[in-house]
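Structural description and commentary
Below are the chains, spelled out letter by letter.
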Amino acid sequence: MPFDYDLFVIGGGSAGVRCARISATHGAKVAIAEERFWGGTCVNVGCVPKKIMVNAAEYGQWIADAPAFGWTVQRSGFDLGHLAAARDAEVARLNGIYGKLLQGAGCTIFEARATLADPHTIEVGGRRVTAERIVIATGGKPVRPEELPGAELGMVSDDLFELKALPRRLTVVGSGYIGLEFACIFHGLGSEVDIVYRNELPLRGFDVDIRVALKEALTTQGIRQHVPRQLARLDRADGEGGVVITLDNGARIETDAVLLATGRTPNVHGLGLDAVGVECTAKGAIEVDEDHRTTVPSIFAIGDVTDKLNLTPMATAVGHALADTLFGRNPRQASYRNVPTAVFTSPPIGTVGMTEADAAACGPVDIYLTRFTPMRHSISRREGRKAVMKLVVCQRTRCVLGAHMLGEDAAEIMQGIGIAVAMGATKEDFDRTIGIHPTAAEEFVTLRTRTREAGLRAAAE
Ligand SMILES: Cc1cc2nc3c(=O)[nH]c(=O)nc-3n(C[C@H](O)[C@H](O)[C@H](O)COP(=O)(O)OP(=O)(O)OC[C@H]3O[C@@H](n4cnc5c(N)ncnc54)[C@H](O)[C@@H]3O)c2cc1C
């Protein structure tokens, strides 16, 4: 039976757009549906608008540093409405580019919600269409903890992009990368910021030295951290329109705005997965095999809806690999190993490969660690700007298993280090690379003295 399309993609975010566009350029007849905004989370309520706000916060810090370098400057205020207009115009421009890319590649576009009717049939915009293969790329969405009394008084990350005025006081709940990034952004823009999280250290899953250094840097900058604490309830404050937060130890925080950054969940609700037989994991993500095929052979799932490594470059890489596999006569899989990533806190973090704890669980490792004040801040004297750089090296092979940095330009630096780690570079490869002077990055190739050993017990077991 002929199908209307070779491929139907549900969701026009990073993963879906890349998969649709590349499949079409391989000659497939492709349709794609998007119910909300082309470009998905990344372009509209994620990486792009967030990074513009990170840039805005950095300007404030540079202005504050400038007098130390001889400049006479006057810092006379920040207008979130102005920034929001510039940011939204850039997002609109990118939306348009995504639409044009898809049309240029010959994809049929549906600006409507799509759901599954059977393994080859999709309901979209009041119509039924068929496809030989279907790709689900519906992403994720922020979770509002409904069990928390007063949760409706808090914002989720999507809501932050609707703010037109800066809250005088912001409380962030959660210490994942999204919560921490917004804590630093709003602190940099001039809000008073509190963070509440339930572990002793922020950023669970990252290397411990980086987590410790980040906690210190936040404290030094005046971001108050309430740990290890959870929320008991949120109430409206009398009169002023603010919110009173009650913590599990009874302590109270009065604030003007609350960001609930306690997690995201895969966007699967109402897609018709059960009826068609597509199974989900216990955490609600779509279950896929190594080729991103679901439990229904004609249906695939990619990106955040599979909840594997929720990053834009991963979503596009997987979407591209699937398109090449299905229609490009080039079966391949995108690797989830050694994916470099950044956290745009202040200072930012860059990381690639294994943490010390993960590596040490596998065998003995040598740790090289340095902490220093970057040259700029020897002059600016700005507090909370110490850089930390760390290499985790396998004792047996001498391969660099992980590289971690907290400090200015960490994201830019880690992209290059990521290539070396993915190629299996050894510590000696790092050592014989000549540094670029004077930079912070050169520390990665001048870490001569081992700081400590770890993982010896794992080796003995
Ligand atoms: C605040 C924030 C900051 C982030 N910062 C970074 C960062 O700095 N770097 C980074 O790499 N990643 C970052 N991410 C993560 C990144 O945005 C995601 O990993 C990425 O967008 C996932 O792409 P996706 O295509 O899987 O899903 P999405 O981009 O979420 O796209 C899914 C699309 O599907 C649509 N959709 C859903 N259901 C249907 C349906 N039934 N029919 C039609 N359309 C549907 C949605 O409207 C959406 O547009 C950030 C995320 C957030 C929330």
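Rules used throughout
Residues numbered from 1 in each chain as written. Predicted model: local features only at pLDDT ≥ 70, side-chain atom pairs only at ≥ 80, totals over all residues. Heavy atoms only, no water. Pairing = 2+ DSSP bridges. Helix = DSSP H or I, 4+ residues; strand = E, 2+ residues; numbered from the N terminus. Axes fitted to C-alpha atoms, helices over the stretch in contact; angles between N-to-C directions. Contact = heavy atoms within 4.5 Å. Expected span 1.5 Å × (residues − 1). Buried < 20%, exposed > 50% of the residue type's maximum accessible area, 1.4 Å probe, protein only. Core = buried A, V, L, I, M, F, W, Y, C linked by side-chain atoms within 4.5 Å. Phe/Tyr/Trp six-rings, centres within 6.5 Å; stacked < 30°, edge-to-face > 60°. Near = heavy atom within 4 Å. Polar contact = N/O pair within 3.5 Å; in protein donor to acceptor, adjacent residues only side chain to side chain. Areas by Shrake-Rupley, 256 points an atom, 1.4 Å probe, with all protein chains shown as cover. Nonpolar A, V, L, I, M, F, W, Y, C, P; charged D, E, K, R; others polar.

1. Some points on the sheet that holds strand S10 (residues 224-226)
- Ordered by their spatial adjacency, four strands build an open sheet running S10-S9-S8-S14, and the pairing between neighbours is parallel. The open sheet is flanked by S10 and strand S14 (257-260), the only strands paired with a single partner. Neighbour-to-neighbour, the strand axes of the sheet open up by a mean angle of 20°, direction not taken into account.
- Bridge count for strand S8 (residues 169-173) against S14 is four bridges, and the pairing is parallel. By the bridge assignment for S14, Leu 170 is matched with Ala 257.
- Against the sheet, helix H6 (residues 177-189) makes contact with S8, strand S9 (192-196) and S14, and its axis sits at roughly 165° relative to S9, the strand it touches most.

2. Thoughts on helix H3 (residues 47-65)
- Between its first and last C-alpha, H3 extends 27 Å over 19 residues, near the 27 Å set by a 1.5 Å rise per residue.
- What H3 keeps buried is the set Pro 49, Lys 50, Met 53, Val 54, Ala 56, Ala 57, Gly 60, Gln 61 and Asp 65.
- Turning to H3, the residues buried within the fold contact helix H2 (40-45), helix H4 (80-104), H6, helix H7 (208-221) and helix H11 (375-380).

3. Remarks on the side chain of Thr 121
- Take Thr 121: it is sitting in strand S5 (residues 121-124).
- When sequence neighbours within four positions are dropped, the list of residues in contact with Thr 121 reads Thr 115, Leu 116, Arg 128, Val 129, Thr 130 and Ile 134.

4. Notes on the nonpolar core
- Counting 44 residues, the largest nonpolar core has Met 53, Phe 186 and Ile 195 as the members making the most contacts within it.
- It is H6 that provides the largest number of residues to this core, a total of seven residues.
- Aside from chain neighbours lying at most four places away, what touches Ile 195 is Val 172, Gly 174, Leu 180, Ala 183, Leu 218, Ile 223, Arg 224, Gln 225 and His 226.
- With 32 residues, the next largest nonpolar core counts Ala 24, Trp 38, Phe 300 and Leu 322 among its residues.

5. Some points on the pairing of strand S19 (residues 365-372)
- Most of S19 sits inside the fold, with seven of its eight residues counted as buried.
- As paired strands, S19 and strand S20 (residues 387-394) are joined by eight bridges and run antiparallel to one another. Bridge pairing in S20 links Ile 367 to Val 392.
- Sheet analysis places S19 next to strand S22 (residues 452-454), joined by three bridges and oriented antiparallel. If you follow Asp 366 over to S22, its bridge partner there is Glu 453.

6. Thoughts on the packing of aromatic side chains
- What the rule picks out here adds up to five aromatic pairs.
- Taken together, a centroid distance of 5.6 Å and an interplanar angle of 75° make the contact between Tyr 59 and Trp 62 edge-to-face. In this pair, Tyr 59 and Trp 62 are both assigned in helix H3, three residues apart and thus about one turn of the helix distant.
- Since its relative accessible area comes to 54%, Tyr 59 is described here as exposed.
- Here Trp 62 falls in the partly exposed class, since its relative accessible area comes to 40%.

7. So, the site of the ligand
- With respect to spatial proximity, 39 residues lie near the ligand, and among them Ala 15, Glu 34, Thr 41, Lys 50 and Asp 304 are the closest.
- The side chain of Thr 41 places a nitrogen or oxygen atom 2.5 Å from an oxygen atom of the ligand.
- Across the complex, the protein chains shield 96% of the 1,000 Å² of accessible surface that the ligand would expose by itself.
- Counting only elements with at least two residues in the shell around the ligand, the list comes to helix H1 (14-25), H2, H3, H6 and helix H9 (312-327).
- A per-element tally of the shell around the ligand places H2 first, with four residues.
- Counted by class, the shell around the ligand contains 18 nonpolar, 14 polar and seven charged residues.

8. Examining unusual backbone geometry
- A cis amide bond, omega -15°, links Val 227 with the succeeding residue Pro 228.
- Position of Pro 228 among the secondary structure elements: in the loop between S10 and strand S11 (231-236).
- The omega angle of the peptide bond from Ser 346 to Pro 347 is 0°, so this bond is cis rather than trans.
- Following the sequence through the fold, Pro 347 ends up in the loop between strand S17 (341-343) and strand S18 (349-353).
- Positive phi, normally seen in glycine, also occurs at Leu 203, with a value near 60°.

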